[in-house]
Every structure is written in structure tokens, then in C-alpha cells.
Amino acid sequence: MHNIYFTRHGETVWNVENKICGMTDSPLTAHGQEQARQLGALVRDSGLHIDEILYSPLSRAADTAKAIAAATGLPARCEPRLREQCFGKYEGTPRDGAEFRISKTHFADRYVGGESMMQLAQRIYNLLDELKADTGKTYLLVAHNGIARVVHSYFYDMTNEEYAAAGIKNCQLVEYTFE
């Protein structure tokens, strides 16, 4: 058994505006930058054993990871599979839109111009399988809320409704154990 840690990036401009970010690169707000610095201090001072930070190539996650790395001295590298799901036509629309809420429960459907939940799960599950096999290292993954749902579903059984409603707060740190 070994662990991994997961966090979502700091607050973004579109988080504040209640818009779906997806692959659109919405930057961190000043508050989001402060959240990232605080998480870095928390990780540094917590005594957690982490060997390396892997982060999404989108700037909001990359900037969060770099702030954590600066505070902790941990090595950090970009992992392209951690990019957020492409929500296609829904990007830039309200997060609580009725049509989007329904679409999030249709796992095989590709959003118009986007990526299906099944495609997303395949790339994240493949990454997690690799990290599970790498028993000599403990990773901190810095990514997105959509990725948080998939990671959680890898470790825990979830209904479709639980999956669609799942998520974590900006810069919330979650620990998972491979068994």
C-alpha cells in the first residue's frame, strides 16, 4: 500500500464568474495565488512524505503546482494527462446550467466539440495505474475538479449521480491509498 495526494488548482477568474473552464485557460485570481501559496506552506509544514508533484499543463494548475514546489522544494513536472476534460460547447457557460447538469450524467456522449467522460476516465485511470505500480514514490497531483471526480471514482464506488455531483474546493488536499 502507498498513497497519492490530489489537489485542485487555486481559484480562477472563471470560478468567480461561475463559468465552466474545461480546456479554456482561465488564470488564477489574486486569491487563487494566495491559496496556492498557503497550500504550499501546509504541505511543507505537515510532515507529509511527497516525492514529486505532477501537474496539468493548464496555467491555473501549473501556477498552483509551481507555488507548492517553491514553498516545499519538491520537484514538479507537467503531466499532460492531468489536463481538464474538454467540455466543448459548454466551456464559458454557467456551471449550474440545466443542460450541462444533465449532460454530466451521460458518460459515453462527447460534448459537442469535446471529450466524453469515458475518454477522460481512460486517460486518468491509465495514469493512476502507472502511479499505483510505482510503489517507490508518493505523488501530489495538481489538476482540476473534473479530474478530481475521476480520481475519486478510481478509489471508491460511486453512482452516476454521485459522480456528476462530486468535486473538491480550490486547493483542498485529498489523500488516497492504493491497495
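Details of the structure are given in the entry above.
Our subject in this report is the structure included herewith. Quantities reported herein were computed from a predicted structural model and do not represent experimental measurements.

### Some remarks on unusual backbone geometry
Backbone geometry places Asn18, a non-glycine residue, at a positive phi of 60°. Here Asn18 is to be found in the loop between α1 (13–16) and α2 (30–46). Its relative accessible area of 31% is what places Asn18 among the partly exposed residues. Positive phi is not limited to glycine here, since Cys171 has a value of about 60°.

### Points about the pairing of strand β5 (residues 173–178)
With burial as the criterion, only one face of β5 is covered, namely that bearing Val174, Tyr176 and Phe178; the residues Leu173, Glu175 and Thr177 on the opposite face remain uncovered. As defined by bridge partners, strand β1 (residues 2–8) adjoins β5 across six bridges and the pair is classed as antiparallel. The residue bridging His2 from the neighbouring strand is Phe178, located in β5.

### Brief notes about helix α5 (residues 117–133)
Taking 1.5 Å per residue as the helical rise, α5 with its 17 residues ought to reach 24 Å, and the 24 Å between its terminal C-alpha atoms agrees with that figure. For α5, the full list of buried residues reads Met117, Leu120, Ala121, Arg123, Ile124, Leu127, Leu128 and Leu131.

### Re the packing of α5 against helix α6 (residues 145–155)
Orientation of α5 relative to α6, taken along the N-to-C sense of each, is 55°, at an axis distance of 10 Å. Classified by the angle their axes make, α5 and α6 are oblique. Judged by the twist between their axes, the crossing of α5 over α6 is right-handed. On the side of α5, the interface is formed by Leu120, Ala121, Arg123, Ile124, Tyr125, Leu128, Asp129 and Lys132, while α6 contributes Gly146, Ile147, Val150, Val151, Ser153 and Tyr154. Here the contact of α5 with α6 is built from residues that sort into nine nonpolar, two polar and three charged.

### Remarks on the nonpolar core
Judged by nonpolar contacts, the single largest core of 30 residues is most densely connected at Phe6 and Leu141. Elements supplying a minimum of two residues to this core: β1, α5, β4 (139–143), α6 and β5. When residues of this core are assigned to their parent elements, the largest contribution, seven residues, is made by α5. Setting aside anything within four residues of it in sequence, one finds Leu141 in contact with Ile4, Tyr5, Phe6, Thr7, Leu54, Leu82, Leu128 and Leu131. In terms of nonpolar packing, the next biggest core, distinct from the first, is built from 15 residues, Leu39, Ile50, Ala62 and Val142 among them.

### Re the packing of α2 against helix α3 (residues 59–72)
α3 packs onto α2 with a crossing angle of 40° between their chain directions and a minimal axis gap of 8 Å. One element, α2, and the other, α3, form an angle in the oblique class. Considering the relative orientation of α2 and α3, their crossing is right-handed. Here Ala36, Arg37, Leu39, Gly40, Ala41, Val43 and Arg44 of α2 lie close against α3, whose contacting residues are Thr64, Ala67, Ile68, Ala71 and Thr72. Looking at the contact of α2 with α3 residue by residue, the classes come out as seven nonpolar, three polar and two charged.

Analysis parameters
- Residues numbered from 1 in each chain as written.
- Predicted model: local features only at pLDDT ≥ 70, side-chain atom pairs only at ≥ 80, totals over all residues.
- Heavy atoms only, no water.
- Helix = DSSP H or I, 4+ residues; strand = E, 2+ residues; numbered from the N terminus.
- Buried < 20%, exposed > 50% of the residue type's maximum accessible area, 1.4 Å probe, protein only.
- Pairing = 2+ DSSP bridges.
- Expected span 1.5 Å × (residues − 1).
- Axes fitted to C-alpha atoms, helices over the stretch in contact; angles between N-to-C directions.
- Parallel < 35°, antiparallel > 145°, perpendicular 65-115°, else oblique.
- Left-handed = near helix turned anticlockwise from the far one by under 90°.
- Contact = heavy atoms within 4.5 Å.
- Nonpolar A, V, L, I, M, F, W, Y, C, P; charged D, E, K, R; others polar.
- Core = buried A, V, L, I, M, F, W, Y, C linked by side-chain atoms within 4.5 Å.

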